[in-house]
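Below are the chains, spelled out letter by letter.
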Amino acid sequence: MNRMWGFLVVLVFFNGCFLDDVQRQTCVQARISASNKLRDTNVHSRPKVVKIGSVLAFDSIVGKAAKIAVQTAVKDVNSDPSVLNGTKLELIIHDSGSSGFVSIIEALHFMASETVALIGPESSDLTLMISYIVKELQVPLLSFRATDPTLSSLQCPFFIRTTHSDFFQMAAIADIVGYYGWRRVIAIYIDDDHGRNGITSLADQFASKRGKISHKAPIKPNATRKDIQDVLLQVSFMESKVLVLHTSTNWGLDILDVAKDLGMMESGYVWITTDWLSTIMDISSPYPRKSFASMQGVITLRSYIKDSEHKRKFITKWKNLTTYGVSTYSLYAYDTIWLLARALDDFFDQGGKLSFSKGPNQTKDSQGGLLNIDSLSVFNGGKILLEDILKVKMNGLTGPMEFTSDRMLVFPAFEVINVMRNGFRNVGYWSNSSRLSISPPKPPKTNQSNSTQLLNNVIWPGETVDKPRGWMLPQNGKQTKIGVPVRISFQDIVKEVQGTNRYMGYSIDVFVAAINLLPYAVPYQFYPYGDGRQNPSYTDLVNLVNAGVYDAAVGDIAIITNRTSMVDFTQPYIESGLVVVTPVKKLSSGTWAIFKPFTVELWGVILISFLVVGAVVWILEHRRNNDFRGTPKQQFGTTQWFIFSTLFFTHKQNMKSTLGRLVVILWLFVVLIISQSYTASLSSILTVQKLSSPIDGIDSLIPRKDRIGYGARSFVRDYLVKEIGISEARLVPLELPEDYEKALIDGPNNDGVIAIVDERPYIELFLSTRCQFSIVGPEFTKNGWGFAFQQDSHLATDVSNAILKLSETGELQRIHNKWLLRSACSSQGAELSVDRLELKSFKGLFLIIGLACVLSLLVYLVPTIYQYTKRKPDTSVSSGPRHMQTFISSIDEKEDLVIAHSNKRLRGASSLGSNRDDASVNAY
């Protein structure tokens, strides 16, 4: 409500309306005199009395209990000299009678006096209107009951909420709903700002948890029992049975009572209420047991207040004051007075004074009349007192009283209460830090014990402990409307029985079997979709489900990305990827079939490997192994005979060197793998019937310019164009299997196609009687067929579970065999010509033998060269070619001769040294 509206209403009806000139002048002078007298009053630093006001509704039990609480708090503050050091609080309470107009008038009564703060009112709507007034007059407004989450410090700068916002209640409810796995709820609320804003907050909480409010059922203020009944009747016909009731203490019980009369408190329903219900039960304690009958099974919330000695003493005192029970709001009302008292104490300690100035200047209305608003007083220390209130840190009856930076009380926590037939019990807790738990919440800075159990068992409506599903099919005679595509091709999958409204086929049998497994009856009716002259667009059918024209769609509906964003699919009941089908011809083995197992590149590498390994073995063996010595012609022949005989493991030469043995062992391993692979591939070529095609999969279709066929009005076209990148001009839509056959036989040169891309189940049915075609290459997409339901439909989940049961019991395979497993071709066992073995398949083997040869040569040549340099002749006079010839001759020598020559030279060198020593001695 616009703040100026509140000002005008109050000022017109409270401040004397419109006056004539003489009356106006007299009235203004009197008020100015009173105002001057007020400002001239000598105010001490610590006044004897501080006035505070409160606006409460005495016609509500919350207001009555709150009145007792604030009066008790003022009395306790005044009796404690350590709080305000002798200053007394003077509390003035006005009855608003739950009227917004009266509340504003009473608030202005306080503004015309020396009131430094205002307590209340209980209603969030009234609090919002009064907040505009206190903003202008700078008087803090403290409310222990206004829980509307939209009341913010930006909109209402002088408003302070001394309880927890509904934002946290809605977060707790969303967590409870999510804990039980329910995704949709119906919100029932009073159609005022408080109700609408609370439900909006609840919707935001559900959205963050992938839930939603499926229906909002507002009840107009001051509704009659008939009005409530009409709203609840509409709710009872809806699918979701999880009901969230957000209302006030004045209307909540009436709504529950009507719900019981309508049979909505029976098994299958879930009722969750905000804390209004726990407030009624607490204040009315002991609550009459017979009254619990209309609330049995309801879950409600209550602000969590830790038990303490201070709280127990207060409850004892409370019992002596009234017959009402103690509610959390009564405790918050009590703490609000103490919070204000401590803030006033800090205000006076800082030198604050109670001073007031004249209110806003006189304002003229649209008719020129003068609105007398100067009698209202602006509290000069209001901003300072507001800051002192927000800085207070105290422990009250409700626990720690401290404000966050956004003016929220710290540590929001609630009890989760389950109402039973003879009372209620606690089933868990919720806090903003630990969320749901069966353990009492602790402040965030303390260690919270982790528990896998979040809530204790709940007794639901109908006195059952089994968790309700949260939804039921509407019992209003309405059948589930299911759209079924009317196909003109591949009718083994879906087919309409002519002259009836019945359908048959693979998809229909799977759906009926799944529905029959559900633990409840699902009345449904099939409706045809399509004109019967061409296959319909399945994406359009899914759009109609999303738009609500159909409740579901049953058929061969592929689960693809753009469809999943519109509907909820069940578990796939058959795999269905895209494949390529093309004409094929039978291959004979041929004269040169023995060379087909390997590609030309692989044959070449194998031959080179034989020569290289033979050369390495010769280098490693010829100096010490007589089998590898002789004339060059003999050595070459022996080496080649040896290495090629390893192919059949018939070599007779023994290896003398360790390095030679290592190379030969690795080579024999390579030969074994190659020979076995060759044998297997050749056996397949000679014994298995082969089919040949110029196309070997989707990759070979992309670079070609030939035309490609696809199923008309299917998603295949968009996939080939957008994902694969094939030009749309190359694509040809085809309707019937006969069209597929003709297009493939004609070929791309006769207005036909080179291949057809479609889903595997269709292609398998197509190939069952057409043996001249075959699938080439693997599936290049992975998806499946499912049944489409409206988003968040509970049937989608239950039908998915039923499909899984059909798969586990083998019934799904039996249905598949009945409709799709058929073959009239004798060549079904034939295989498409397989690619020959390529070099890349054996790269690892050749890499191993190559590294072995290189390392062996290094290990052999390094010491050989070293020995040569030790015994080589003087090379200072020899030429390069002569030097190389000497080195090669040295390597070619047999190792025994080299060792003998080395020993002889050593002995000669030793004898020469000895003779020189003897000569030296003789000379001496």
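Since we're looking at a predicted model, the values are computed, not measured.

Parameters and conventions
- Chains are numbered independently. Their residues run from 1 in the order of the written sequence.
- In keeping with the model being predicted, local features are shown solely for residues with a pLDDT of at least 70 and side-chain atom pairs are shown and tallied solely at 80 or more, while totals for entire chains, interfaces and linings include all residues.
- Side-chain figures throughout are based on the complete set of non-hydrogen atoms in the structure, without hydrogens or water.
- The helix count covers DSSP runs of H or I at least four residues long, the strand count covers runs of E at least two residues long, and both are numbered beginning at the N terminus.
- Working definition: with a 1.4 Å probe on protein chains only, accessible area under 20% of the residue-type maximum means buried, over 50% means exposed, and in between means partly exposed.
- Contacts are assigned to residue pairs that have any heavy atoms within 4.5 Å of one another.
- Using the Shrake-Rupley algorithm and a 1.4 Å probe, accessible areas are obtained, with residue cover drawn only from the displayed protein chains.
- Regarding the arc, it is the one traced by the directions from the helix axis to the C-beta atoms.
- Axis definition: a line fitted to C-alpha atoms, over the contacting stretch in the case of helices. Angles run 0 to 180 degrees between N-to-C directions.
- Every angle not falling under 35 degrees, over 145, or within 65 to 115 is termed oblique; those three ranges are roughly parallel, roughly antiparallel and roughly perpendicular.
- By definition, any crossing whose near helix is turned counterclockwise from its far helix by less than a right angle is left-handed, and any crossing with a clockwise turn is right-handed.
- Any residue outside Ala, Val, Leu, Ile, Met, Phe, Trp, Tyr, Cys, Pro, Asp, Glu, Lys and Arg is labelled polar, Gly included; the first ten of those are nonpolar and the last four are charged.
- A residue counts as positive if it is Lys or Arg and as negative if it is Asp or Glu; His and the chain ends are not included.
- Salt bridge, as applied in this entry: a Lys or Arg side-chain nitrogen positioned within 4 Å of an Asp or Glu carboxyl oxygen.
- A pair of strands is labelled paired if DSSP reports no fewer than 2 bridges between them.
- The pLDDT value expresses, per residue, how confident the predictor is, ranging between 0 and 100.
- Here, nonpolar core refers to any group of buried Ala, Val, Leu, Ile, Met, Phe, Trp, Tyr and Cys residues whose side-chain atoms link them within 4.5 Å.
- Only rings of Phe, Tyr and Trp enter the pairing, Trp through its six-membered ring, and a pair is recorded when the two centres are within 6.5 Å. The plane angle decides the type: under 30 degrees is stacked, over 60 is edge-to-face, the rest tilted.
- Here a crossover is taken to be right-handed if, once the strands point away from the viewer, the path from the first strand over the helix to the second is traced clockwise.
- Patch membership requires more than 30% relative accessible area and the absence of a salt bridge. Residues of like charge join within 9 Å; the nonpolar side chains Val, Leu, Ile, Met, Phe, Trp and Tyr join within 5 Å.

### Looking at the overall build of the protein
Of the regular secondary structure elements, the protein holds 29 helices and 35 strands. Here the protein, with 924 residues, has 49% of them falling under the buried criterion. Summarising the internal contacts of the protein: among those between residues at least 6 apart in sequence, 73% fall at separations of at least 24. Of the accessible surface of the protein, which amounts to about 44,300 Å², a share of 54% is contributed by carbon and sulfur atoms.

### Thoughts on helix α10 (residues 252-261)
Side chains three or four residues apart in an α-helix point the same way, a direct result of the helix having 3.6 residues per turn. Within the sequence span of α10, burial applies to Gly-252, Ile-255, Leu-256, Val-258 and Ala-259. One face of α10 carries all of its buried residues, which in axial projection span an arc of 160°. Contacts from the buried residues of α10 go to β7 (212-219), α9 (225-236), β8 (242-246), β9 (270-273) and α11 (276-283). Positive backbone phi, approximately 75°, marks Gly-263, located one or two places after α10.

### Topic: the environment of Ala-521
Checked against the element boundaries, Ala-521 lands in the loop between α15 (506-517) and β23 (524-529). Sequence separation between Ala-521 and Leu-473 is 48 residues; the distance between their C-alpha atoms is 8.7 Å.

### Points about the packing of helix α3 (residues 61-78) against α11
Running from N to C, α3 and α11 point in directions that differ by 60°, and their axes come no closer than 10 Å. For the element pair α3 / α11, the angle class is oblique. Both α3 and α11 take part in a crossing whose hand is left-handed. Packed against α3, whose contacting residues are Ile-61, Val-62 and Ala-65, the element α11 presents Thr-279, Ile-280 and Ile-283 at the interface. Here the residues of the contact of α3 with α11 are counted per class, giving five nonpolar, one polar and no charged.

### Considerations on the side chain of Asp-166
With respect to the helices and strands, Asp-166 occurs in helix α7 (residues 166-179). At 6.9 Å, Arg-145 is the nearest oppositely charged side chain to Asp-166, a buried residue that forms no salt bridge. When near neighbours in sequence (up to four residues on either side) are disregarded, Asp-166 contacts Thr-147, Asp-148, Pro-149, His-194 and His-246.

### Details of the sheet that holds strand β27 (residues 578-583)
Each strand in a sheet pairs with another by means of backbone hydrogen bonds, the pair being arranged parallel or else antiparallel. Read from one edge of the open sheet, five strands run β31-β30-β32-β27-β33, paired in mixed fashion. The open sheet has two edge strands with one neighbour each: β31 (731-734) and β33 (773-776). Averaged over all neighbouring strand pairs, the angle between strand axes comes to 35°, with direction disregarded. Note that β27 and strand β32 (residues 755-759) share four bridges and pair antiparallel. Along β32, the bridge assignment pairs Leu-578 with Glu-759.

### A closer look at the side chain of Ser-537
Looking at the secondary structure, you find Ser-537 in the loop between β23 and α16 (538-547). Setting aside its immediate chain neighbours within four residues, Ser-537 contacts Tyr-529 and Arg-713.

### Section: unusual backbone geometry
The omega angle of the peptide bond from Gly-120 to Pro-121 is -5°, so this bond is cis rather than trans. If you trace the backbone, Pro-121 turns up in the loop between β3 (115-119) and α6 (124-137). Phi at Asn-222 is positive, roughly 60°, even though this residue is not glycine. Its identity is not glycine, yet Glu-463 carries a phi of approximately 55°, on the positive side. Since its relative accessible area comes to 48%, Glu-463 is described here as partly exposed.

### As for α11
Taken across its eight residues, α11 has eight buried, putting it largely inside the fold. Among the residues of α11, those classed as buried are Trp-276, Leu-277, Ser-278, Thr-279, Ile-280, Met-281, Asp-282 and Ile-283.

### A word on the confidence of the model for the protein
Per-residue confidence for the protein gives a mean pLDDT of 82; residues scoring 70 or more make up 80%. In this model, residues 1-44 is a region of pLDDT below 50 whose contacts with residues beyond four sequence positions or in other chains number 61 contacts. Note that residues 364-371 has pLDDT below 50 and, in this model, 16 contacts with residues that lie over four places away or in other chains.

### Quick word on the sheet that holds strand β5 (residues 159-161)
With respect to topology, five strands assemble into an open sheet ordered β2-β1-β3-β4-β5, the strand pairing being parallel. For this open sheet the edge positions go to β2 (88-95) and β5, each flanked by a neighbour on one side alone. Between one strand axis and the next, the sheet turns through 25° on average, direction left out of account. Looking at chain direction, β3 and strand β4 (residues 141-143) are connected through two bridges and run parallel. Among the inter-strand pairings, Leu-118 is bridged to a residue of β4, identified as Leu-141. With respect to the sheet, helix α13 (residues 328-349) is in contact with β1 (49-56), β2, β3 and β4, its orientation differing from that of β3 by roughly 155°.

### A few points about the pattern of salt bridges
The final tally for this structure, using the stated rule, is 33 salt bridges. When the shortest N-O distance is used, the salt bridge between Arg-225 and Asp-257 registers 3.2 Å. In this pair, Arg-225 sits in helix α9 while Asp-257 sits in helix α10, placing the two residues 32 residues apart along the sequence. Taking relative accessible area as the criterion, Asp-257 reaches 30% and is therefore assigned partly exposed. Among the ionic pairs, Glu-415 bridges to Arg-302, the shortest N-O distance being 3.4 Å. Here the residue Glu-415 occupies a position in strand β17 (residues 413-420), and Arg-302 occupies one in strand β10 (residues 299-303), the gap between them amounting to 113 residues.

### Focus: the packing of α15 against helix α25 (residues 794-809)
The geometry of α15 relative to α25 is characterised by a closest axis approach of 8 Å and an angle of 105° between their N-to-C directions. By the angle between their axes, α15 is roughly perpendicular relative to α25. In contact with Val-510, Ala-513, Ala-514, Ile-515 and Leu-517 of α15, α25 contributes Val-799, Ala-802, Ile-803, Lys-805 and Leu-806.

### A look at the nonpolar core
Counting residues in hydrophobic clusters, the biggest one holds 71 residues, and the most contacted among them are Tyr-506, Tyr-573, Val-580, Leu-701, Val-757 and Phe-787. For this core, the leading source of residues is α15, giving seven residues. Sequence-distant contacts of Tyr-573, that is, excluding residues within four places in its chain, are made with Tyr-506, Ser-507, Val-510, Gly-555, Asp-556, Trp-785, Gly-786, Phe-787, Ile-803 and Leu-812. Counting 70 residues, the second largest nonpolar core, distinct from the first, contains Ala-66, Val-116, Ile-119 and Ile-305.

### A look at the packing of aromatic side chains
Taken as a whole, this structure holds 31 aromatic pairs when the rule is applied. With 5.3 Å between their ring centres and 90° between their planes, Trp-471 and Tyr-520 make a pair best called edge-to-face. Separated by 49 residues along the polypeptide, Trp-471 in the loop between β19 (435-437) and β20 (480-485) and Tyr-520 in the loop between α15 and β23 bring together distant segments of the chain. The same class applies to Trp-471 and to Tyr-520, which are both buried. With a centroid separation of 6.2 Å and 70° between ring planes, the pair formed by Phe-598 and Phe-842 is classed as edge-to-face. One end of the pair, Phe-598, is in the loop between β28 (585-587) and α18 (600-621); the other, Phe-842, is in the loop between β35 (831-832) and α27 (843-871), and 244 residues separate them in sequence. Grouping residues by exposure puts Phe-598 and Phe-842 together as buried. An aromatic cluster is present here, built from Tyr-503, Tyr-506, Phe-511, Tyr-524, Phe-526, Tyr-573 and Phe-787 joined pairwise through their rings.

### Points about the pairing of β9
Residues Val-270 and Ile-272 point to one face of β9 and Trp-271 and Thr-273 to the other, with burial holding for every one of them. Sheet analysis places β8 next to β9, joined by four bridges and oriented parallel. Paired with Val-242 across the two strands is Val-270, which belongs to β9. In this view, the connection linking β8 to its parallel neighbour β9 by way of α10 has right-handed handedness. Alignment of β9 against β10, held across two bridges, turns out to be parallel. Each residue of the ladder has a partner; that of Thr-273, found in β10, is Thr-300.

### Re a nonpolar patch on the surface
A cluster of nonpolar side chains, namely Leu-847, Leu-851, Val-854, Leu-855 and Leu-858, defines an oily patch on the protein surface of about 490 Å² accessible area. Along the chain, Leu-847 falls in helix α27. When its relative accessible area of 54% is taken as the criterion, Leu-847 is described as exposed.

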